[in-house]
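# Working through the structure, step by step
Listed below are the residues making up each chain.
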Amino acid sequence: MRASLIQIAVEEGESVEARRGRVASLVREQAGADLVVLPELWTTGAFAYEEFGTEAEPLEGPTYEAMAKAASDAGVWLHAGSIPERDPDGPLYNTSLLFSPSGDLAAAYRKIHRFGFDKGEAVLMGAGSELVTVRLPGTTLGVATCYDLRFPELFRALVDAGAETLVVPAGWPERRRDHWTLLARARAVENQAFVLACGTAGTHAGVPQAGHSIVVDPWGQVLAEAGAGEEILTVDFDPAKVATTREQFPALKDRMLGLEPPHRV
């Protein structure tokens, strides 16, 4: 299976419309890949909080339309990163979109863990509540977003739902880049799954981004890692390695907690 992670910069001076067109062109250039992944909130920048409200769009808005067409044109599965979604009956959401090679929406995931503590995304956006997995030819994707990476229970639940490849778009800050690579490898090792984590380059609202998109195998080995700048990280991996790893080292079968209510005396 071939995956291409498109690590773009979200810079001031480029309009959302121009960036949308640029990203659509980059997706089309990945024809021949099986899966293409974009970063989190690439239309606005993950730290451009003041832009969330003004740039929010309905689920089937202009980004949806552009990415659906790009996926269809390239004939790829496209995880189109996330957008600030405006629900007509509720708050904003940080929502990921995943399209099939025909351009149909295969899934939408509203980010469960919002970053910011008492500001930013944490107060401007609502929290999602539903796990999302998507069956592709050869593997089942489990979908998470950025700050979700710090919450292992979410990923274990995705594995329980059948996930074998964990896809994480992000807008991760450079000052915590060590956490980014550490957590991506940890989620791969503990769940015996592939992790495809796609970040952004450049600076979002004055916050330098980590870049370093990364692909990790079920043993925690880094198959490929980008640098700090704009880059398309393409890697071939064998989804069958998940089953092989889980058979050779069946740690998941030894779980004692989280499977049933604890015994109380």
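Looking at an unreviewed UniProt entry, the protein carries the name Carbon-nitrogen family hydrolase, with the source organism given as Streptomyces gilvifuscus. What UniProt records for the protein under Sequence similarities (unreviewed entry) is the sentence "Belongs to the carbon-nitrogen hydrolase superfamily. NIT1/NIT2 family."

## Topic: the overall build of the protein
Along the backbone of the protein there are 7 helices and 14 strands. The C-alpha radius of gyration computed for the protein amounts to 18 Å, which stays within 12% of the reference 18 Å derived for 265 residues, consistent with globular compactness. In terms of overall dimensions, the protein has a C-alpha envelope of 55 × 45 × 35 Å along the principal axes. Taken as a whole, the protein presents about 11,300 Å² of accessible surface, with 52% of it coming from carbon and sulfur. Taken as two groups, the 24 positive and 37 negative side-chain charges of the protein have centres that lie 5 Å from each other.

## As for the packing of helix H1 (residues 16-28) against helix H3 (residues 62-74)
Where H1 contacts H3, the two axes come as close as 8 Å, and the packing angle between them is 20 degrees. In terms of orientation, H1 lies roughly parallel with respect to H3. As for how H1 packs across H3, the hand of that crossing is right-handed. Across the interface between the two elements, Arg 20, Val 23, Ala 24, Val 27 and Arg 28 from H1 touch Pro 62, Thr 63, Ala 66, Met 67, Lys 69, Ala 70, Ala 71, Asp 73 and Ala 74 from H3. For the contact of H1 with H3, the class distribution of residues is 9 nonpolar, 1 polar and 4 charged.

## As for the sheet that holds strand E8 (residues 165-169)
Sheets are built from strands that pair by backbone hydrogen bonding, the pairs being arranged parallel or antiparallel. Pairing in this open sheet of 6 strands is mixed, and the strands run E6-E7-E8-E9-E12-E13 from one edge to the other. This sheet does not close on itself; its edge strands, each paired only once, are strand E6 (133-136) and strand E13 (222-225). Direction aside, the axes of adjacent strands within the sheet are offset by 15 degrees on average. Taken strand by strand, helix H6 (residues 177-191) contacts E8, strand E9 (194-198), strand E12 (214-216) and E13, and its axis lies near 25 degrees from that of E12.

## Thoughts on the pairing of strand E5 (residues 105-110)
The side chains of a regular strand alternate between the sheet's two faces. Pairing geometry for strand E4 (residues 92-99) and E5, over 5 bridges, is antiparallel. Within the sheet, the bridge partner assigned to Ser 96 lies in E5 and is Tyr 109. Hairpin connection from E4 to E5: 5 residues lie between these consecutive antiparallel strands, with Gly 103 at a positive phi of about 90 degrees.

## A few points about the packing of helix H5 (residues 152-160) against H6
Relative orientation and spacing of two packed helices are given, respectively, by the angle between their axes and the distance between those axes. Put simply, H5 and H6 touch, their axes get as near as 10 Å, and they point 40 degrees apart. One element, H5, and the other, H6, form an angle in the oblique class. Considering how the two elements wind past one another, H5 and H6 form a crossing that is right-handed. Contacts between H5 and H6 involve Pro 152, Phe 155, Arg 156 and Val 159 from the former and Arg 187, Glu 190 and Asn 191 from the latter. Each residue belonging to the contact of H5 with H6 can be placed in one class, and the counts come to 3 nonpolar, 1 polar and 3 charged.

Here is what the cut-offs are and how they apply
- Residues numbered from 1 in each chain as written.
- Predicted model: local features only at pLDDT ≥ 70, side-chain atom pairs only at ≥ 80, totals over all residues.
- Heavy atoms only, no water.
- UniProt positions renumbered as here; feature names shortened; annotations may be inferred.
- Helix = DSSP H or I, 4+ residues; strand = E, 2+ residues; numbered from the N terminus.
- Rg over C-alpha atoms; globule rule 2.2 N^0.38 Å.
- Areas by Shrake-Rupley, 256 points an atom, 1.4 Å probe, with all protein chains shown as cover.
- Lys, Arg positive; Asp, Glu negative; His and termini not counted.
- Charge placed at Lys NZ, Arg CZ, Asp CG, Glu CD.
- Axes fitted to C-alpha atoms, helices over the stretch in contact; angles between N-to-C directions.
- Parallel < 35°, antiparallel > 145°, perpendicular 65-115°, else oblique.
- Left-handed = near helix turned anticlockwise from the far one by under 90°.
- Contact = heavy atoms within 4.5 Å.
- Nonpolar A, V, L, I, M, F, W, Y, C, P; charged D, E, K, R; others polar.
- Pairing = 2+ DSSP bridges.

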